[in-house]
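In case you want the letters, here they are:
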Amino acid sequence: WNAILAALGTGPRFADSLRVTAIGLFFNATLPAVVGGDAVRVFYARGLGVGLRTAIHSVLLDRLSALVALILMAAVGLPWSLAMVTDGELRHGLILAVALGLAGLIGLVLLDGIGRQLARWPLGRAVALFGADCARILRSPRPAAATLTLSSCVHLLDIAKAYVVALALGAPLGLGAALLLVPPVIL
């Protein structure tokens, strides 16, 4: 989140971003949906001097980077995942989920141009502004790589959690199978 904020032209100190992220995680864990924790992050970011639009876009882009990492992990593992899944409907669902995710990534790349075409309408202006911020991140290799790498690490921790739970339950899930099957399940 801090790398995204810096790429958007505002950058609270890392310690402040970490504190706000921890507060947001607390509210994500205690409220019924993750939206509460994200709203708290936006609120506290405003207190750190971040503009409202930048605060909202940075949190959305942080969530989006997690989704992008998940889609890419599922896409990279797709050939091996398909070899493990024998049920035809599950195979089709897996292919569809990854294909829709990749189509969404293409839409994300095109969002800046689409938003500019829609800018004459109020909602179109919001899409255009978000698309411009998204493009700013995508065109900045360092923050894009940092957010994608960190998001991938979070998903690797999710995979490790699933693997450890499977071990504790005596379920026959190897680490390789967890690496291939957990990302599409989360997706």
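Notes on the structure follow. All figures in this text were calculated on a predicted structure; none of them were measured in a lab.

### Some remarks on the pattern of salt bridges
Consideration 1: Inspection of every chain in the model, using the stated rule, returns 7 salt bridges.
Consideration 2: One salt bridge connects Arg 19 with Asp 16, and the closest N-O pair in it is separated by 4.0 Å. Residue Arg 19 and its partner Asp 16 are both found in helix α2 (residues 14-30); the two are separated by 3 residues, about one turn of the helix.
Consideration 3: The class for Asp 16 is buried, based on a relative accessible area of 16%.
Consideration 4: Asp 133 is the partner of Arg 53 in a salt bridge, and the nearest nitrogen-oxygen pair spans 3.5 Å. Highlighted residues: Arg 53 in helix α4 (residues 52-84) and Asp 133 in helix α6 (residues 122-138), separated in sequence by 80 residues.
Consideration 5: One salt-bridge network, in which partners are shared between bridges, spans Asp 38, Arg 41, Asp 62 and Arg 63.

### Digging into the packing of α2 against helix α3 (residues 35-47)
Consideration 1: Running from N to C, α2 and α3 cross one another at 150°; their axes reach a closest spacing of 7 Å. With respect to α3, the element α2 is oriented roughly antiparallel. The crossing of α2 and α3 is right-handed. Packed against α2, whose contacting residues are Arg 19, Val 20, Thr 21, Ile 23, Gly 24, Phe 27 and Asn 28, the element α3 presents Gly 36, Gly 37, Asp 38, Val 40, Arg 41 and Tyr 44 at the interface.
Consideration 2: For the contact of α2 with α3, the per-class residue count stands at 5 nonpolar, 5 polar and 3 charged.

### Digging into the packing of α4 against helix α7 (residues 141-169)
Consideration 1: Here α4 crosses α7 at 65°, and the two axes come no closer than 8 Å. The angle between α4 and α7 places the two elements in the roughly perpendicular class. Regarding α4 and α7, the two cross each other, and that crossing is right-handed. Contact with α4, carried on its side by Ser 65, Ala 66, Val 68, Ala 69, Leu 70, Leu 72 and Met 73, involves Thr 147, Leu 148, Ser 151, Ser 152, His 155, Leu 156 and Ile 159 of α7 and no other residues of that element.
Consideration 2: The residue makeup of the contact of α4 with α7, split by class, is 9 nonpolar, 5 polar and no charged.

### Details of the packing of aromatic side chains
Consideration 1: Scanning the model with the defined rule gives 2 aromatic pairs in all.
Consideration 2: Between Phe 26 and Phe 27, the ring centres sit 5.2 Å apart and the planes meet at 85°, which makes this aromatic pair edge-to-face.
Consideration 3: Judged by its relative accessible area of 49%, Phe 26 falls in the partly exposed class.
Consideration 4: Exposure remark for Phe 27: the relative accessible area of 28% places this residue in the partly exposed category.
Consideration 5: Summarising the aromatic geometry, the rings of Phe 43 and Tyr 44 are spaced 5.5 Å apart at their centres and angled 85° between planes, so their arrangement reads as edge-to-face.
Consideration 6: Classification of Phe 43 by relative accessible area gives exposed; the value is 59%.
Consideration 7: Here Tyr 44 falls in the partly exposed class, since its relative accessible area comes to 32%.
Consideration 8: For the cation-ring pair, Arg 41 lies above Trp 1, with the distance from its terminal atom to the ring centre recorded as 5.0 Å.

### Regarding the environment of Phe 43
Consideration 1: Within the secondary structure, Phe 43 sits in helix α3.
Consideration 2: Spatially, the C-alpha atom of Phe 43 lies 35 Å from that of Ala 99, the residues being 56 residues apart in sequence.

Here is what the cut-offs are and how they apply
- Residues numbered from 1 in each chain as written.
- Predicted model: local features only at pLDDT ≥ 70, side-chain atom pairs only at ≥ 80, totals over all residues.
- Heavy atoms only, no water.
- Salt bridge = Lys/Arg side-chain N within 4 Å of Asp/Glu carboxyl O.
- Helix = DSSP H or I, 4+ residues; strand = E, 2+ residues; numbered from the N terminus.
- Buried < 20%, exposed > 50% of the residue type's maximum accessible area, 1.4 Å probe, protein only.
- Axes fitted to C-alpha atoms, helices over the stretch in contact; angles between N-to-C directions.
- Parallel < 35°, antiparallel > 145°, perpendicular 65-115°, else oblique.
- Left-handed = near helix turned anticlockwise from the far one by under 90°.
- Contact = heavy atoms within 4.5 Å.
- Nonpolar A, V, L, I, M, F, W, Y, C, P; charged D, E, K, R; others polar.
- Phe/Tyr/Trp six-rings, centres within 6.5 Å; stacked < 30°, edge-to-face > 60°.
- Lys NZ or Arg CZ within 6 Å of the ring centre and 35° of its normal.

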